[in-house]
Amino acid sequence: MLKHFITLQWKSFWRSASLTSGLFMKLFMGFWAIWLIIMMGSGGVGAFFFFKEELGLDPLEVINRFLIYWLVVDLIFRYALQKMPVINITPLLLLPFNKNKIVSFAFGKTVFSFFNIVHAFFFIPFSVLLVAKADYPAINVLLWNLGLIALVYSNNFLNIILNKKDNLIFFIGGIMAILGALHYFGYFDVTTYTAPFFQGLYNTPFLILIPIAIALFLIFISFRSFTKDLYLDAGLAAKSKDVKTENLDWLDRFGKTATFLKNDIKLIKRNKRARSTVMVSILFLFYGLLFFTGSVEAYDGPVWRIFAAIFVTGGFLLSFGQFVPSWDSSYYPLMMSQNIKYKEYLSSKWWLMVIATLISTVLASGYLYFGWEVYVAILVASVYNIGVNSHVVLWAGAYVKTPIDLTSNKRAFGDKQSFNTKTLLLSLPKMALPMILYAIGHYAYSPYAGYALVALAGVAGFAFKDKVFDIIESIYKSEKYKTISAYKQKN
Amino acid sequence: MIAVQNLTKTYTGKTVLNIDHLEIQKGNSFGLVGNNGAGKTTLFSALLDLIRPTTGHIESNGIKVNESEEWKSRTSAFIDETFLIGYLTAEEYFYFIGELRGQNKADVDTLLSGFEDFFHGEILGQKKYLRDLSKGNQKKVGIIAALIGNPEVIVLDEPFANLDPTTQIRLKKIIKDLATNPEVTVLVSSHDLMHVTEVCERIVVLDKGEVVKDIATSQETLKELEEHFNK
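From a predicted model like this one, the values you see are computed outputs, not experimental measurements. (Residues numbered from 1 in each chain as written. Chains lettered and ligands numbered in written order. Predicted model: local features only at pLDDT ≥ 70, side-chain atom pairs only at ≥ 80, totals over all residues. Heavy atoms only, no water.)

1. Concerning the overall build of chain B
Reasoning step 1: What chain B contains, in helices and strands, is eight helices and ten strands.
Reasoning step 2: For 231 residues, the compact-globule formula gives about 17 Å, and the C-alpha radius of gyration of chain B, at 17 Å, lands near that figure.
Reasoning step 3: For chain B, the C-alpha atoms occupy an extent of roughly 45 × 40 × 35 Å along the three principal directions.
Reasoning step 4: Considering chain B as a whole, with its 231 residues, one finds that 56% of them fall into the buried category.
Reasoning step 5: The average position of the 25 basic charges and that of the 34 acidic charges among the side chains of chain B differ by 4 Å. (Helix = DSSP H or I, 4+ residues; strand = E, 2+ residues; numbered from the N terminus. Rg over C-alpha atoms; globule rule 2.2 N^0.38 Å. Buried < 20%, exposed > 50% of the residue type's maximum accessible area, 1.4 Å probe, protein only. Lys, Arg positive; Asp, Glu negative; His and termini not counted. Charge placed at Lys NZ, Arg CZ, Asp CG, Glu CD.)

Below you can see the structure in the form of C-alpha cells.
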C-alpha cells in the first residue's frame with residue numbers, strides 16, 4: 001500500500017505543471033538549502049568555540065538558555081514556510097485504503113521535511129565538539145540530543161495542528177512576543193525557567209521522557225483530528241460563511257479605474273492568499289528595527305538605511321505587485337474576452353500600491369523615535385517606491401505566469417515560477433538603484449545630497465508611468481495565449 | 001456574421017480542429033454537437049481569441065478576432081468556471097460585468113428581473129460567494145451574465161450540462177427568445193441532441209475536429225443525428 005502512495009507522490013511531483021519550467025527555481029532553492037546547511041554547520045562549530053574560548057562560558061549552558069527561542073523561531077518559520085502534508089485525498093477515499101494509512105503517509109512525509117533535518121547540521125557538530133574538545137560524557141550529550149529531536153518533532157506536529165486552527169498562532173505568537181520583550185527590557189527572563197529544563201535533559205536521564213511524551217501526545221492529537229476530519233463535509237470541505245454584497249460606490253470618484261479598484265479591494269478582503277500579503281507588509285513595517293536600532297552591526301552603514309526604508313514603506317507594493325496579473329488568474333479568460341482597457345486595469349493595481357505605500361509611510365512615523373534623519377530616509381524611500389518601484393514591480397509581474405490559488409495561502413512563499421531570470425533582473429532597480437544613488441550623493445557630497453538624488457529619481461519615475469504601462473500592455477498582449485494556458489494548469 | 005477560414009489547431013502533432021470554411025449568419029441560432037474531443041470548446045475558444053489557431057483565422061463582422069479587439073464589446077460568452085470571479089457574490093459579479101459592458105446598476109437590475117424564475121430563488125441575495133455555489137447555480141450565473149449589455153454574439157459552451165430539468169426547459173425558452181431577435185447570433189454547443197435540435201435553427205456536427213454534418217433543423221433532424229451518433 002505504501003508503494004501506491006509513493007508512486008502517486010512521485011508522479012504528482014514530476015508531472016506537475018510548474019515543475020517543467022522550474023529548473024532555475026530548483027537551482028535557486030538548492031543553493032539556499034546548501035547555504036543554510038553550511039551556515040548551520042559552521043554556526044554549531046563557531047558557537048562552541050565562541051562561548052568557550054572568547055566568553056569563557058560553558059557552551060552547553062549558553063545554548064540551553066537560548067533553546068526556547070530557537071524552538072519558537074523554528075515554529076514561526078515552519079508556520080510561514082512549511083507546506084502542509086496534503087496529498088490529493090478525495091480520490092483516495094473511495095478506494096480500499098485504510099484511513100489511518102492515508103493520514104500516516106501524509107504525516108510520514110513531513111518527518112523527512114527539511115525543517116526537521118536542518119537542525120541536525122547545527123547540533124551534531126556542536127555535540128561532537130562537546131564530547132571531543134570539552135570532555136562531556138557522550139551518553140549525556142546523546143540523551144540531550146534525543147530530547148531535542150523529540151522537541152523538534154513536537155514542533156513539526158504542533159505546526160500541523162496550528163495550521164488547522166486559524167487563530168491559535170496569533171495567540172502563541174503574542175505570548176512569545178511579550179515574553180521576548182520582557183526579556184529584552186530586563187523585566188522578566190523566561191530563560192531562567194526553561195534553561196534548567198534543557199540542562200536537565202543533559203543531567204538527568206529520565207527527564208528525556210517528557211519531550212518524548214510531548215511529541216507522542218502531539219502526534220496523537222494531530223493524527224486523531226486528521227482522521228476524524230477525513231470527510232468531504234468536514235476537513236476536506238471548503239468553509240463558507242455568510243457574506244453580504246458590498247457596494248464600495250464611494251470609489252466611483254476614481255472614474256473608470258473604480259470598476260477594477262472595487263474588485264481588487266474585494267479580492268484582498270475575501271481571499272486568504274491576498275490577505276497574507278497585507279500581513280507581510282505589516283511585518284515589513286517592523287523590518288527597519290533591525291537597521292535603525294543598531295542591533296545588527298553589519299547594517300549600520302548609511303546606505304543600508306535606504307535599503308531598510310524601501311522595505312518598510314514598500315512591503316505591500318513588493319509582495320502584491322509582483323503577482324499582477326496572477327491575482328486574476330482564476331478568471332483570466334473572462335478578462336481577456338471582455339472589452340478591458342489595460343491601462344485602467346493596471347492603474348487600479350497601481351493606485352492600490354500607492355495607497356498602501358502612503359499608509360505605510362504614515363504608520364512608519366514611529367521611526368521618528370530614532371531621529372528625524374531616519375524618517376527622512378523613509379520619506380525618500382516612499383517617494384522612490386511610488387515613483388519608480390510601483391512601475392518596475394508591475395513590469396516584472398507581467399512575466400510571472402504562476403496561477404494563484406486565491407483560497408489557500410500555503411504557497412505564498414514557495415511559488416516555483418515566481419522567480420525567473422527576467423524578474424530577478426528587474427528586481428535590481430528596486431533595491432540596488434536607490435542604494436547606489438544614495439551612496440553617490442552621500443560619499444560625494446553629503447547625506448542630504450544622497451536623499452535628494454533618491455527622491456529625484458522617484459519624482460522622475462512618474463514621467464515614465466505611461467511609457468511603462470504601454471510596455472506592460474504590449475507584454476500582456478503578446479503573451480496572452482501563453483498566459484491563458486499557463487493559468488489553466490493547476491496543481 | 002462569423003466566418004471561419006482554413007482554421008486548424010494542432011497540439012503536439014495532433015490536429016484537434018480542422019475547418020476549411022464555415023459561415024454563421026447574423027441572427028442565426030447555431031448549434032454545435034459532437035462527442036468528447038470533437039473540438040467544440042476549441043472552436044469557441046478560438047472564436048473568443050483565447051487560443052491561437054495554428055493556421056487560418058476567424059472573422060467576426062469582418063474583423064479578424066486575433067488582430068483587433070473591436071469585436072469584444074459586441075460578443076459575450078460563458079465557457080466554463082474560469083469566466084466567473086469566485087470571490088464575488090452573484091450581484092457583485094453581474095454589476096462588475098455590467099460596468100465592463102457600459103451598463104449601470106439599474107440596467108443590470110432590469111435585465112435580471114426578467115430571469116427571476118430561471119434563478120429559482122437560488123442566486124440573488126444568497127449571502128454566498130460564487131465559488132461556494134453549486135455547479136448548476138454557478139452555470140446559471142455565468143449564462144445570465146453573458147446576456148448583460150445587449151451582446152450581438154452570444155457563445156455558450158455546454159449550457160445545459162449540470163442544470164436541473166426545470167432550468168433546462170427555462171433555458172431553452174431563453175435561447176429561443178434570443179434567437180427571435182434578428183440582431184442576435186447565439187452559438188450553443190451541447191451533448192444533448194434533443195435540446196440542441198429544439199433551440200437551434202442550424203446544427204453542425206464536429207467529429208475529430210472536422211465538420212461532418214451541416215443541417216438546417218427540421219422534423220427529421222433529431223432522428224438523423226441519433227442515427228449518426230449510433231454508428
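2. A look at the environment of A:Y481
Reasoning step 1: In this fold, A:Y481 is placed in helix 22 (residues 480-488).
Reasoning step 2: Put simply, A:Y481 and A:M336 are 145 residues apart on the chain and 9.8 Å apart in space, counted from C-alpha to C-alpha.
Reasoning step 3: When residues no more than four places from it in sequence are discounted, the contact partners of A:Y481 are B:D49, B:L50, B:I51, B:R52 and B:N66. (Contact = heavy atoms within 4.5 Å.)

3. Topic: unusual backbone geometry
Reasoning step 1: For the bond running from A:V324 to A:P325, omega is 10°, close enough to zero to count as cis.
Reasoning step 2: Examined against the element boundaries, A:P325 turns out to sit in the loop between helix 15 (302-321) and helix 16 (332-337).
Reasoning step 3: The backbone of B:E158 sits at a positive phi, close to 50°, despite the residue not being glycine.
Reasoning step 4: If you trace the backbone, B:E158 turns up in the loop between strand 7 (153-157) and helix 6 (165-180).
Reasoning step 5: By relative accessible area, B:E158 is classed as buried at 16%.
Reasoning step 6: For B:K208, which is not glycine, the phi dihedral falls at a positive 50°.
Reasoning step 7: Residue position: B:K208 is located in the loop between strand 9 (202-207) and strand 10 (210-216).
Reasoning step 8: What makes B:K208 exposed here is its relative accessible area of 67%.

4. Description of the sheet that holds strand 9 of chain B
Residues and elements named next belong to chain B.
Reasoning step 1: As summarised here, the arrangement of the six strands in space is 6-7-8-3-9-10, forming an open sheet in which the pairing is mixed. Edge strands, defined here as strands with exactly one partner in the open sheet, are strand 6 (75-78) and strand 10. The average undirected angle you get between the axes of adjacent strands in this sheet is 15°.
Reasoning step 2: Across the sheet, helix 6 touches strand 3 (29-33), strand 7 and strand 8 (185-190), and the angle it forms with strand 8 is around 150°. (Pairing = 2+ DSSP bridges. Axes fitted to C-alpha atoms, helices over the stretch in contact; angles between N-to-C directions.)

5. Let's talk about helix 8 (residues 138-164) of chain A
Reasoning step 1: Over its 27 residues, helix 8 of chain A runs 40 Å from end to end, which matches the ideal 39 Å to within 8%, given 1.5 Å per residue.
Reasoning step 2: Of all 27 residues in helix 8 of chain A, 19 are buried, a share of seventy percent or more. (Expected span 1.5 Å × (residues − 1).)

6. Description of the interface of chain B and chain A
Reasoning step 1: Contact with chain B, which involves 32 residues of that partner, is made by 38 residues of chain A.
Reasoning step 2: Summing the contributions of chain B and of chain A, the shared interface buries around 3200 Å²; its carbon and sulfur component is 52%.
Reasoning step 3: The interface formed by chain B and chain A includes five salt bridges.
Reasoning step 4: In this structure, B:E92 engages A:R270 in a salt bridge whose closest nitrogen and oxygen atoms are separated by 2.6 Å.
Reasoning step 5: Seen at the junction of chain B and chain A, the total is twelve residue pairs in polar contact (both at pLDDT 80 or more).
Reasoning step 6: A per-element tally of the side of chain B that touches chain A places helix 2 (residues 90-100) of chain B first, with seven residues. (Buried area = accessible area lost by both parts, 1.4 Å probe. Salt bridge = Lys/Arg side-chain N within 4 Å of Asp/Glu carboxyl O. Polar contact = N/O pair within 3.5 Å; in protein donor to acceptor, adjacent residues only side chain to side chain.)

7. Notes on the packing of helix 2 of chain B against helix 3 (residues 105-113) of chain B
All names here are of chain B.
Reasoning step 1: The N-to-C vectors of helix 2 and helix 3 enclose an angle of 120°; their axes lie 9 Å apart at closest approach. Compared by their axis directions, helix 2 and helix 3 come out oblique. In this structure, the crossing between helix 2 and helix 3 has a hand that is right-handed. On helix 3, the residues that touch F94, Y95 and G98 of helix 2 are K105, V108, D109 and L112.
Reasoning step 2: Each residue belonging to the contact of helix 2 with helix 3 can be placed in one class, and the counts come to four nonpolar, one polar and two charged. (Parallel < 35°, antiparallel > 145°, perpendicular 65-115°, else oblique. Left-handed = near helix turned anticlockwise from the far one by under 90°. Nonpolar A, V, L, I, M, F, W, Y, C, P; charged D, E, K, R; others polar.)

8. Some thoughts on the nonpolar core
Reasoning step 1: Counting 148 residues, the largest nonpolar core has B:Y93 and B:F94 as its most contacted members.
Reasoning step 2: Ranked by size, the runner-up nonpolar core spans 24 residues in total, among them A:A47, A:V62, A:L129 and A:L151. (Core = buried A, V, L, I, M, F, W, Y, C linked by side-chain atoms within 4.5 Å.)

9. Topic: the pattern of salt bridges
Reasoning step 1: The final tally for this structure, using the stated rule, is 23 salt bridges over all chains.
Reasoning step 2: Close ionic contact of A:K482 with A:E479 constitutes a salt bridge, the shortest N to O distance being 4.0 Å.
Reasoning step 3: We classify A:K482 as exposed; its relative accessible area is 54%.
Reasoning step 4: Between B:E122 and B:K140 there is a salt bridge, and its shortest N-O distance comes to 3.1 Å. Taken together, the residues B:E122 in the loop between helix 4 (116-119) and helix 5 (135-145) and B:K140 in helix 5 connect sequence positions 18 residues apart.

10. Describing the packing of aromatic side chains
Reasoning step 1: This model, assessed by the stated rule, comprises 39 aromatic pairs over all chains.
Reasoning step 2: With a centroid separation of 5.1 Å and 65° between ring planes, the pair formed by A:W70 and A:F123 is classed as edge-to-face. One end of the pair, A:W70, is in helix 3 (residues 59-81); the other, A:F123, is in helix 7 (residues 120-134), and 53 residues separate them in sequence.
Reasoning step 3: Given the relative accessible area of 24%, A:W70 is considered partly exposed.
Reasoning step 4: The class for A:F123 is buried, based on a relative accessible area of 7%.
Reasoning step 5: A cation over a ring is seen here: A:K465 above A:W350, with NZ or CZ 4.1 Å from the ring centre.
Reasoning step 6: Stacked on the ring of B:Y95, the Lys or Arg B:K105 has its end atom at 5.0 Å from the ring centre. (Phe/Tyr/Trp six-rings, centres within 6.5 Å; stacked < 30°, edge-to-face > 60°. Lys NZ or Arg CZ within 6 Å of the ring centre and 35° of its normal.)

11. Quick notes on the sheet that holds strand 2 (residues 14-24) of chain B
Each strand in a sheet pairs with its neighbour through backbone hydrogen bonds, running either in the same direction (parallel) or in the opposite one (antiparallel).
Reasoning step 1: Spatially, 2-1-4-5 (chain B) is the arrangement adopted by the four strands of the open sheet, whose pairing is antiparallel. The open sheet has two free edges, formed respectively by strand 2 and strand 5 (63-64) of chain B, since each of these has just one partner strand.

12. Concerning the side chain of B:K139
Reasoning step 1: Examined against the element boundaries, B:K139 turns out to sit in helix 5.
Reasoning step 2: Contacts of B:K139, omitting those with residues within four sequence positions, involve B:F78, B:D157, B:E158, B:P159, B:A161 and B:L163.

13. Focus: a nonpolar patch on the surface
Residues and elements named next belong to chain A.
Reasoning step 1: Side chains of F31, W32, W35, L36, M39 and F114 sit close together on the surface and give an oily, nonpolar patch of about 590 Å² of accessible area.
Reasoning step 2: No other element matches helix 2 (residues 23-54), which puts five residues into the nonpolar patch.
Reasoning step 3: With respect to the helices, strands and loops of the structure, M39 is situated in helix 2. (Patch = residues over 30% accessible without salt bridge, like charges linked within 9 Å, V, L, I, M, F, W, Y side chains within 5 Å. Areas by Shrake-Rupley, 256 points an atom, 1.4 Å probe, with all protein chains shown as cover.)

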